[in-house]
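What follows is each chain in one-letter form.
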Amino acid sequence: MAYKIKTMFFISITRLRLRSIWYLPGFLSSNSLSVKQLLVTPGFIAGKELIDKNLVFWTVTVWKTDADMKTFRNSPPHRKAMQKLPLWCDEATYMHWLSEDTEIPAWDAICKRTIAEGKVSKVRHPSKNHPDRNFPAIKWTKTERIFKPKIS
């Protein structure tokens, strides 16, 4: 009897809230450099980001493997940006899961799952909502940006 092995894809989610508008220029610059890197990283399949109310930034990326995501995460400029997040953010949450397809999840599903299951990152000045992921639902979706790889 032959068994078909299903391919599983790696989904990565981040939710970051800047604690002050003063950090926005540095954050946007780092984000721009990270997106350029993302688009050419082997194993990247698809992604999107969203700027929500109150300086909240969401990202979702789909990868062939968790190792591909870790290669992106640990390479500059993304690694350099991550080093600044404890100062810049008062809320920082992430989560990962495996999926049988490469479809990017909807924002409402991403939000619910991140609030329920996400892992909080260390920040220097956490908001009162940070430890328990007591975050509001996504309010805006018109600021979405879709990402597709430049290489296959």
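All values reported here derive from a predicted model rather than from experimental measurement. (Residues numbered from 1 in each chain as written. Predicted model: local features only at pLDDT ≥ 70, side-chain atom pairs only at ≥ 80, totals over all residues. Heavy atoms only, no water.)

Structural notes on the packing of aromatic side chains
Selection criterion: Note on aromatic contacts: the rings of Phe and Tyr and the six-membered ring of Trp form a pair at centre separations within 6.5 Å, being stacked when their planes are under 30 degrees apart, edge-to-face when over 60 apart, and tilted otherwise. Each helix is a run of H or I in the DSSP string that is no shorter than four residues. Each strand is a run of E no shorter than two, and both are numbered from the N terminus. Think of it as a cone above the ring: NZ of Lys or CZ of Arg counts as a charge over the ring if it is within 6 Å of the ring centre and within 35 degrees of the ring normal.
On inspection of all chains with the given rule, the structure shows 4 aromatic pairs. On the numbers, 4.5 Å between centres and 50° between planes, the contact of F27 with F57 is tilted. On the criterion of sequence distance, the pair formed by F27 in helix 1 (residues 24-40) and F57 in strand 3 (residues 56-63) is long-range, its members being 30 residues apart. For the pair F27 and W88, a centre-to-centre distance of 6.2 Å together with 70° between the ring planes defines the contact as edge-to-face. Placement of F27 in helix 1 and of W88 in helix 3 (residues 78-88) is noted, with a sequence separation of 61 residues between them. The structure contains a cluster of three or more aromatic residues connected by ring pairs, namely F27, F57 and W88. We note R15 situated over the ring of F135; from NZ or CZ to the ring centre the distance is 3.8 Å.

Here's the deal with the environment of Y94
Let me state the cut-off plainly: Using a 1.4 Å probe on the protein chains alone, a residue whose accessible area is under 20% of its type maximum counts as buried, one over 50% counts as exposed, and one in between counts as partly exposed.
Here Y94 shows up in strand 4 (residues 89-99). For Y94, a relative accessible area of 29% translates into the label partly exposed.

Description of the side chain of T61
Our working rule: Throughout this description, a polar contact denotes any pair of N or O atoms lying within 3.5 Å of each other; where both atoms belong to protein, one of them has to be capable of donating a hydrogen while the other can accept it, and for residues adjacent in sequence the pair is counted only when both atoms sit in side chains. Whether two residues touch is decided by their heavy atoms; if any such pair falls within 4.5 Å, the residues are in contact.
Looking at where T61 falls in the secondary structure, it is placed in strand 3. The buried category is assigned to T61, whose relative accessible area is 11%. A polar side-chain atom of T61 sits 2.8 Å from a polar atom in the side chain of W63. Apart from the residues within four sequence positions on either side, T61 is in contact with F10, I11, S12, L38, F44, A46 and G47.

With respect to unusual backbone geometry
Along the chain, P76 connects to P77 via a cis peptide bond; the corresponding omega equals 10°. Mapped onto the elements of the fold, P77 is located in the loop between helix 2 (66-73) and helix 3. Notably, N54 is not glycine yet its phi reads approximately 65°, a positive angle. Mapped onto the elements of the fold, N54 is located in the loop between strand 2 (44-52) and strand 3. Backbone geometry at L55 places phi at a positive 60°, although glycine is not the residue there.

Some details on the sheet that holds strand 2
Applicable threshold: Strand pairing is defined by DSSP finding a minimum of two bridges between the two strands. For every element, the axis is a line fit to its C-alpha atoms; helices are fit only across the contacting stretch, and the angle between N-to-C directions ranges from 0 to 180 degrees.
The 6 strands lie next to each other as 5-4-1-3-2-6, forming an open sheet whose pairing is antiparallel. In the strand order of this sheet, the two ends are held by strand 5 (119-120) and strand 6 (144-147), each with one partner. Against the sheet, helix 4 (residues 107-117) engages strand 1 (9-18), strand 2, strand 3, strand 4, strand 5 and strand 6, with an angle of about 100° to strand 3.

A word on the packing of helix 1 against helix 3
We count it as follows: Oblique is the label for any angle not under 35 degrees, not over 145, and not in the 65 to 115 range, which are roughly parallel, roughly antiparallel and roughly perpendicular in turn. Two helices cross in a left-handed way if the nearer one is turned anticlockwise from the farther one by less than a right angle. They cross in a right-handed way if the turn is clockwise. Under the grouping applied here, Gly and all other residues not named as nonpolar or charged are polar, the nonpolar ones being Ala, Val, Leu, Ile, Met, Phe, Trp, Tyr, Cys and Pro and the charged ones Asp, Glu, Lys and Arg.
Helix 3 packs onto helix 1 with a crossing angle of 150° between their chain directions and a minimal axis gap of 9 Å. Put simply, helix 1 runs roughly antiparallel to helix 3. Judged by the twist between their axes, the crossing of helix 1 over helix 3 is left-handed. Every residue of helix 3 that contacts helix 1 at G26, F27, S30, S34 and Q37 is listed here: H78, A81, K84, L85 and W88. When grouped by side-chain class, the residues that make up the contact of helix 1 with helix 3 number 4 nonpolar, 5 polar and 1 charged.

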